[in-house]
Amino acid sequence: MNRTRVASAVLIGVSFLSLAACGSDETPTPAAPAPAATTAAAAAAPSDEAICTELDKVAKAMSKDLVAMLAAGEPKPAEAKKVLTDVVAGLTKAAGSSDTEVGAATKELIARSSAAAAAADPMTAIEQDAQWEKAGTDINAACQKAGVTIKF
């Protein structure tokens, strides 16, 4: 077993473990009903707070999946692909049609995660993509501006 590979997998897993501990302590407030004149496009774009709340759920689910995957030993490409595919689905659902800073940062992580999931070895693809981690950092910063603290 390659020591660098195991160390990278462990570091990625540990970073995702912190996701569960860094969720927002704020309780989301229920949204007021939309006025009857609201267009479908406006209704389709969720608020940044709503996106970030959903991103926090995606991050926690991803953390749980990665911990389980790493606990079983060296990650298998098929398992990593499934985790990333689930993440992409969650991120896509959370971002909706948002074109805000949060939406843009989420869409960048969707692109990076999709590319990694399509690779023969997704874990190596993530390790070799310096922009993947930056995309997560950008989401954290954008959500912080929206008043929701998450750690992706």
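Conventions we followed
- Residues numbered from 1 in each chain as written.
- Predicted model: local features only at pLDDT ≥ 70, side-chain atom pairs only at ≥ 80, totals over all residues.
- Heavy atoms only, no water.
- Helix = DSSP H or I, 4+ residues; strand = E, 2+ residues; numbered from the N terminus.
- Buried < 20%, exposed > 50% of the residue type's maximum accessible area, 1.4 Å probe, protein only.
- Contact = heavy atoms within 4.5 Å.
- Areas by Shrake-Rupley, 256 points an atom, 1.4 Å probe, with all protein chains shown as cover.
- Disulfide = S-S within 2.5 Å.
- Salt bridge = Lys/Arg side-chain N within 4 Å of Asp/Glu carboxyl O.
- Expected span 1.5 Å × (residues − 1).
- Core = buried A, V, L, I, M, F, W, Y, C linked by side-chain atoms within 4.5 Å.
- Arc of directions from axis to C-beta.

How should the overall build of the chain be read in this particular structure?
The number of helices and strands found in the chain is seven helices and zero strands. Taken from N to C terminus, the helices and strands of the chain fall in the order α-α-α-α-α-α-α. Evaluated residue by residue, the chain yields a buried proportion of 34% over its 152 residues. Residue pairs in contact within the chain that sit at least 24 positions apart in sequence constitute 76% of those at least 6 positions apart. For the chain, the exposed surface amounts to about 8400 Å²; the carbon and sulfur share of it is 61%.

Hey, could you run me through the state of the cysteines in this one?
A disulfide bridge is the covalent bond that connects two cysteines by way of their sulfur atoms. For the structure on display, the rule yields one disulfide. Here C52 pairs with C143 through a disulfide, and the sulfurs are 2.0 Å apart. Across the S-S bond of C52 and C143 the torsion is about -95°, and the bridge reads as left-handed. Pair noted here: C52 is in helix α3 (residues 48-71) and C143 is in helix α7 (residues 130-145), with a separation of 91 residues, a long-range link. Each member of the pair, C52 as well as C143, carries the same accessibility label: buried.

Sorry, what's going on with the pattern of salt bridges here?
If the charged atoms of two oppositely charged side chains come close together, the side chains can form a pair. The final tally for this structure, using the stated rule, is seven salt bridges. Note that K57 is salt-bridged to E54, the shortest N-O span being 3.1 Å. Taken together, the residues K57 and E54, both in helix α3 and three residues apart, mark about one turn of the helix. Sharing partners across several salt bridges, the network here consists of E108, R112 and D129.

Is there a simple way to explain helix α4 (residues 77-95) in this structure?
Within an α-helix, residues lying three or four positions from one another point in the same direction, as the helix has 3.6 residues per turn. Over its 19 residues, α4 extends 26 Å from the first C-alpha to the last, a length consistent with the 27 Å expected when each residue adds 1.5 Å. For α4, every residue scored as buried is listed here: A80, V83, L84, V87, V88, G90, L91, A94 and A95. Looking at the buried side of α4, the elements it contacts are α3, α5 (101-118), α6 (122-128) and α7. Of the residues one or two after α4, G96 is the one with positive phi, at around 55°.

Teacher, can you tell me more about the nonpolar core here?
Ranked by internal contacts, the top residues of the largest apolar core, which has 31 residues, are L55, L91, I139 and F152. The set of elements that each furnish at least two residues to this core consists of α3, α4, α5, α6 and α7. The element that contributes the greatest number of residues to this core is α3, accounting for eight residues.

When you look at α5 in this model, what are you seeing that I'm missing?
With 18 residues, α5 ought to run about 26 Å at 1.5 Å a step, and its terminal C-alpha atoms sit 26 Å apart, in line with that. Along α5, the positions that sit buried rather than exposed are V102, G103, A105, T106, L109, I110, S113, A116 and A117. The arc that holds every buried residue of α5, seen down its axis, measures 160°, which confines them to one face. Exposed positions of α5 whose direction lies more than 90 degrees from the buried face are A115 and A118. Here the buried face of α5 lies against α3, α4, α6 and α7.

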